[in-house]
Amino acid sequence: MLIRRETPADIQPIHAVHTAAFARSGAPDGVPVEASLVDALRADAGWLPALSLVATDPDGQVVGHVVGTRGTVGGEPVAVGLGPLGVLPARQRHGVGSALMHAVLAAADALDVPLVVLLGHPEYYPRFGFRPAVELGVTPPGPWEPPYFMARPLAAWRPEIRGAFAYAAPFLDL
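All of these numbers come straight from a predicted model, not from anything done at the bench.

Participant: Any details on the pattern of salt bridges? Residues and values, ideally.
Facilitator: If you walk through the whole model with that rule in mind, you get 6 salt bridges. Where Asp10 meets Arg4, a salt bridge forms, and the shortest distance between an N and an O atom there is 2.6 Å. When its relative accessible area of 5% is taken as the criterion, Asp10 is described as buried. The exposure class of Arg4 is partly exposed, given its relative accessible area of 26%. Arg158 serves as the salt-bridge partner of Glu160, at 3.2 Å between the closest nitrogen and oxygen. When its relative accessible area of 55% is taken as the criterion, Glu160 is described as exposed. Exposure remark for Arg158: the relative accessible area of 36% places this residue in the partly exposed category. In the salt-bridge network here, residues are joined through shared partners; they are Glu6, Asp39 and Arg42.

Participant: Would you mind going over the pairing of strand 4 (residues 76-87) in detail, with residue names and values included?
Facilitator: Burial analysis of strand 4 places 10 of its 12 residues in the buried class, the great majority of the element. When strand 3 (residues 62-73) meets strand 4, the two strands line up antiparallel, connected through 8 bridges. Following the sheet pairing, Val73 is matched in strand 4 by Glu76. Relative to strand 5 (residues 115-119), strand 4 is paired through 3 bridges, and the arrangement is parallel. Across the sheet, Gly81 pairs through a bridge with Val117, a residue of strand 5.

Participant: Tell me about the nonpolar core, and name the residues and values.
Facilitator: Counting 31 residues, the largest nonpolar core has Leu82, Met101, Tyr125 and Phe130 as its most contacted members. Taken together, the elements giving at least two residues each to this core come down to helix 1 (11-21), strand 2 (47-56), strand 3, strand 4, helix 3 (96-110) and strand 5. The biggest single contributor to this core is helix 3, with 7 residues. Ignoring any residue separated from it by four or fewer positions in sequence, one finds Tyr125 in contact with Leu85, Met101, Leu118, Gly120, Phe130 and Met150.

Conventions adopted
- Residues numbered from 1 in each chain as written.
- Predicted model: local features only at pLDDT ≥ 70, side-chain atom pairs only at ≥ 80, totals over all residues.
- Heavy atoms only, no water.
- Salt bridge = Lys/Arg side-chain N within 4 Å of Asp/Glu carboxyl O.
- Buried < 20%, exposed > 50% of the residue type's maximum accessible area, 1.4 Å probe, protein only.
- Helix = DSSP H or I, 4+ residues; strand = E, 2+ residues; numbered from the N terminus.
- Pairing = 2+ DSSP bridges.
- Core = buried A, V, L, I, M, F, W, Y, C linked by side-chain atoms within 4.5 Å.
- Contact = heavy atoms within 4.5 Å.

See the structure below:
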């Protein structure tokens, strides 16, 4: 498996990954919101190309994708909103998602991003250093409970980074 930045040729395969990864059993032919969200994020001012990463198999097929987009805390651009993270169903539970998480966190750290925030499963993301964002003084932009709204401070994090978190604009349309 290779983790690398997204290229223009990856746009359709990325859409297919998120469509398959987030397919709903009651609507198997529908396009999941996560697939449309990635497309909308790509067109937004909050898009960070260096934080849109794909995992490819030895044949070069895109099997996973993660994206981080510009977010704010207390109105300041000091955070990245992480997600969606998607992996083709046949490749789930084989380390693809973990590899993407480690890579995107390392890339964000290299860019001196102080904080990465996500809405996710409280039994999965703590293994990557995420904890309830409220423990860091960061409040959610919606009615999300603390165990699901999580944050991961990186090397540039400072304790005075506190306040309400805001995602890139396309998240508001969910």
